[in-house]
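A structural walkthrough
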Amino acid sequence: MKRLRRSAEWRFFGVLRTASPGLAAAWWALVALRGLLPAGFVLAMGWLISAVQHGDGLGLPLVAMGVAFVGMQVVAPAHDAVSGNLGVPASAWLHERLLLACVTPAGLAHLERADLADDLAMAREVDRGMTGPDIPTSMPGIAAGFSSYAAGTANVVLLFGFRWWAPLVLSATWLSTHWFLRSGAIWLQRHDPDVAEQQRKAGYAYRLSVDAPASKEMRLFGLGDFVIGGMRDIRLRLMDLSWEGRRLGRRQAEIAMAIVAVGNALFFWALAASAMHGDLSLGRLTVFAQAAIGAAALAFGENDWWLRNAAQPIPLVLQLAERAAPVGALPSGTRQAAGMPATGITFDNVGFAYPAGGHQVFEGLNLTIPAGRSLAIVGQNGAGKTTLAKLLCRLYDPTEGAVLVDGVDLRELDLAAWRARLAVVFQDFVRYELSLRDNVAPGGASDADVLAALVDARADDLADLGTVLNRGYAGGTDLSGGQWQRVALARALCSVRLGAGVVILDEPTAQLDVRGEAEIFAGLLDATRGCTTILISHRFSTVRRADLICVLEHGQVIELGTHDELIAAGGRYKTMFELQAARFEDADAVEDEVVR
Ligand SMILES: Nc1ncnc2c1ncn2[C@@H]1O[C@H](COP(=O)(O)OP(=O)(O)O)[C@@H](O)[C@H]1O
Ligand SMILES: [Mg+2]
């Protein structure tokens, strides 16, 4: 019983019940009805035959047969309809569980750890029918299978009227086929790493084909054949795997057939002997013979395949939420964050490595950002600039040391309250396929605030607030990289209007030309006055405006000071600054220079 409760099949039916209790109850009621009707038909036929034999009236037995027959015809399609309707909410419920598993944890680690990411990607295929039919498609097959079992059971029960051992022998005979033919029912092991890998590749190939940015490269580099050929190989590989899984063991099939033959021979021999001795009326003989034939519905059939296939991924989906939660968890503190920071933010001897593994990004990082001032961070690719921003947002916790806000460990602050203090433009900010209004204020804001933020970011002339920022939508429009950066800046500036006091800008102007950048910075400085600002940039024209500049290298701060101080010190900052200045002088088209 305990094993049954843990089985994928049991959980599958649990999901059906949770997703739609009413439909699930109706579904089971129809299973019972579909099981009883064939047995009723068999009984009615026996009744009719004995009525003929004894010269009784045929009306009632004929009506009974008619009712059972019509019932069988009507109930099956009704069951199919209920099945389909039950499959849809079940699928939706599972999908929602997956989304919750991804979105609920406050941190990101669960999305970056390879094993969980694999399982999350695989579980998503549940209702997309990638490895097999989806749940709504499978449900009529499962319904038919369970109805067969119910009908087989009802027929077997009739056999108690003949000999006590007859139902036991016949049910054992037919049920044994499940055991012997079991291996053939495993159509495809979704958990098989080989299958998982092919799945991910197929999903990725599809995304590449529909994604607008990827479509540019697909055409230029002639990648269409590569993707289609790749897809074909993947499908062939999946077919091989499924074929392997479906092939029946020959020996097992032979054993199953022998058992079925022996069991039925025994029963029909006893039935015939009884009839010849005159112990059985014709009516009863008919009923028992029909019932024995009907018992075959207990045998291994398509149902094992439909059900196993639909149920197999359920435990994975149900467990994912539980497995993701602790990995991505960042326990929130309770201290309020209103008005913070009043004095400053300090990285106190911070060490950090990403949970997914890899090297130590920070080791003994010490840095203080005074409240209400601006700090620029420069450093080579991979120096840890973006990581520093992520730690500030508490998307991860340091593995050593602490990030302190006014001397309070970030971990002690109420997480949502702290994040509400932040206005962030990430380097890889999201280009929402939503209206301009929703791109600027995804969490909602008044049109006045949205417009003011757009003006501050010099993005007020891009489109109407209601225009969807993607040409794939009616009336939608596409923006250039630089225009998108203005929208992302407006999003952060809108947060500032809504009360954020810490502004983090990670390469916010990398795609803007120099004139556009100068324009924006004038507005930006006004809009973020009084905020604590962290600016990550490669552009020294931007960086030099900051109150303080820090140079990050090998996970540590190697230089810290004002522009003039750092130039005077003649260190790494000066070298980088002069290199870039020389590039600008060399190139005539200074305005178009884009440094990444
Ligand atoms: N999500 C991640 N998981 C594992 N390693 C990462 C992740 N993001 C960045 N890294 C690694 O951390 C280091 C610092 O990255 P990052 O902070 O993005 O550098 P920067 O912004 O200075 O270019 C790099 O070596 C990078 O490969
Ligand atoms: Mg970066």
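Below, the structure is looked at part by part.

Definitions and limits used
Residues numbered from 1 in each chain as written. Chains lettered and ligands numbered in written order. Predicted model: local features only at pLDDT ≥ 70, side-chain atom pairs only at ≥ 80, totals over all residues. Heavy atoms only, no water. Helix = DSSP H or I, 4+ residues; strand = E, 2+ residues; numbered from the N terminus. Rg over C-alpha atoms; globule rule 2.2 N^0.38 Å. Buried < 20%, exposed > 50% of the residue type's maximum accessible area, 1.4 Å probe, protein only. Contact = heavy atoms within 4.5 Å. Areas by Shrake-Rupley, 256 points an atom, 1.4 Å probe, with all protein chains shown as cover. Lys, Arg positive; Asp, Glu negative; His and termini not counted. Charge placed at Lys NZ, Arg CZ, Asp CG, Glu CD. Near = heavy atom within 4 Å. Polar contact = N/O pair within 3.5 Å; in protein donor to acceptor, adjacent residues only side chain to side chain. Phe/Tyr/Trp six-rings, centres within 6.5 Å; stacked < 30°, edge-to-face > 60°. Pairing = 2+ DSSP bridges. Axes fitted to C-alpha atoms, helices over the stretch in contact; angles between N-to-C directions. Core = buried A, V, L, I, M, F, W, Y, C linked by side-chain atoms within 4.5 Å. Donors = N, O, S within 2.8 Å, 3.2 Å for Na, K, Ca; no water. Salt bridge = Lys/Arg side-chain N within 4 Å of Asp/Glu carboxyl O.

Let's talk about the overall build of the protein chain
In terms of helices and strands, the protein chain carries 25 helices and ten strands. On C-alpha atoms alone, the protein chain measures out to a radius of gyration of 35 Å, which is more than a quarter above the 25 Å that the 2.2 N^0.38 rule sets for 596 residues. Projecting the C-alpha coordinates of the protein chain onto the three principal axes gives extents of approximately 120 × 55 × 45 Å. Burial statistics for the protein chain: of 596 residues in total, 48% are counted as buried. A sequence separation of at least 24 residues applies to 77% of the contacts in the protein chain between residues at least 6 apart. On the protein chain, roughly 28900 Å² of surface is accessible, and the fraction owed to carbon and sulfur atoms is 59%. Counting 53 positive and 61 negative side-chain charges, the protein chain places the centres of these two groups 8 Å from one another.

Quick look at the site of ligand 1
Neighbouring ligand 1 are 13 residues, the closest being Gly 382, Gly 384, Lys 385, Thr 386 and Thr 387. Taking Gly 384, its main chain carries an N or O atom lying 2.9 Å from an oxygen atom of ligand 1. In this structure, Thr 386 approaches ligand 1 through a side-chain N or O atom, which is 2.8 Å from an oxygen atom. In the complex, the protein chains occlude 68% of the 560 Å² of accessible area that ligand 1 would expose alone. Looking at which element gives the most residues to the shell around ligand 1, the answer is helix α17 (residues 385–392), with four residues.

So, the packing of aromatic side chains
Scanning the model with the defined rule gives 18 aromatic pairs in all. Look at Phe 162 and Phe 267: their rings are 5.6 Å apart centre to centre, the planes differ by 80 degrees, and that puts the pair in the edge-to-face class. Of the two residues, Phe 162 sits in the loop between α7 (135–158) and α8 (165–180) while Phe 267 sits in helix α13 (residues 250–276), which places them 105 residues apart along the sequence. Of the two residues, Phe 162 and Phe 267, neither departs from the other in class, the shared state being buried. Both rings, one in Phe 540 and one in Phe 577, keep their centres 5.9 Å apart while their planes meet at 80 degrees; by these two values the pair is edge-to-face. Separated by 37 residues along the polypeptide, Phe 540 in helix α23 (residues 540–543) and Phe 577 in helix α25 (residues 572–586) bring together distant segments of the chain.

Examining the sheet that holds strand β6 (residues 422–425)
One open sheet holds the six strands; their spatial order is β6-β7-β8-β3-β9-β10, and the pairing between them is mixed. Because the sheet does not close on itself, it has two edges, and the strands there are β6 and β10 (556–561). Across the sheet, the mean angle separating the axes of adjacent strands is 15 degrees when strand polarity is ignored. With five bridges joining them, strand β7 (residues 502–506) and strand β8 (residues 532–536) adopt parallel strand pairing. Note on β8: the bridge partner recorded for Val 502 is Thr 532. Against the sheet, helix α21 (residues 481–497) contacts β6 and β7, and its axis sits at roughly 175 degrees relative to β6.

Notes on the nonpolar core
Formed by 36 residues in total, the largest nonpolar core has its most connected members in Phe 347, Leu 392 and Trp 418. With five residues, strand β2 (residues 360–370) is the largest single contributor of residues to this core. The residues contacting Phe 347, other than those within four sequence positions of it, are Leu 365, Asn 366, Leu 367, Ile 369, Leu 388, Leu 391, Leu 392, Ala 402 and Val 403. Listed in part, the 35 residues of the second largest apolar core include Val 15, Leu 16, Val 82 and Ala 311.

Regarding the side chain of Gln 485
Inspection of the secondary structure puts Gln 485 in helix α21. Side-chain polar atoms of Gln 485 contact the backbone oxygen of Glu 507, separated by 3.3 Å. Among the polar contacts listed, one links the side chain of Gln 485 to the backbone nitrogen of Ala 510, at a separation of 3.3 Å.

Examining the pairing of strand β9 (residues 548–553)
Counting buried residues along β9, five of its six residues qualify, which places the element largely inside the surrounding structure. Relative to β9, strand β3 (residues 374–378) runs parallel, the two being bridged by four bridges. Of the residues in β9, the one forming a bridge with Val 378 is Val 551. Bridge count for β9 against β10 is five bridges, and the pairing is antiparallel. For Cys 550, the partnering residue across the bridge sits in β10 and is Leu 560.

Let's talk about the coordination of the magnesium ion (ligand 2)
Protein-derived coordination of the magnesium ion (ligand 2) comes from Thr 386 (OG1) and Gln 427 (OE1), at a distance range of 2.0 to 2.3 Å. Pair noted here: Thr 386 is in helix α17 and Gln 427 is in the loop between β6 and α19 (436–440), with a separation of 41 residues, a long-range link. For Thr 386, a relative accessible area of 22% corresponds to the partly exposed category. With relative accessibility at 36%, the residue Gln 427 sits in the partly exposed group.

Let's talk about the pattern of salt bridges
Counting across every chain of the model gives twelve salt bridges. Among the salt bridges present, the one from Asp 397 reaches Arg 394, with a minimum N-O distance of 2.6 Å. The buried category is assigned to Arg 394, whose relative accessible area is 1%. Between Glu 553 and Arg 572 there is a salt bridge, with the nearest N and O atoms lying 2.5 Å from each other.

Quick word on the environment of Val 503
Its place among the elements puts Val 503 in strand β7. Take Val 503: its relative accessible area is 1%, and that puts it in the buried class. For Val 503 and Leu 535, which are 32 residues apart along the polypeptide, the C-alpha to C-alpha distance reads 8.1 Å. Other than its neighbours up to four places away in sequence, Val 503 contacts Ala 423, Val 496, Thr 528, Cys 531, Thr 532, Thr 533 and Ile 534.

Describing the sheet that holds β2
The sheet built from four strands is open, its strands ordered β2-β1-β4-β5 with antiparallel pairing. Edge strands, defined here as strands with exactly one partner in the open sheet, are β2 and β5 (408–409). Bridge count for strand β1 (residues 344–353) against strand β4 (residues 400–405) is five bridges, and the pairing is antiparallel. Bridging from a neighbouring strand, Gly 351 pairs with Glu 400 of β4.

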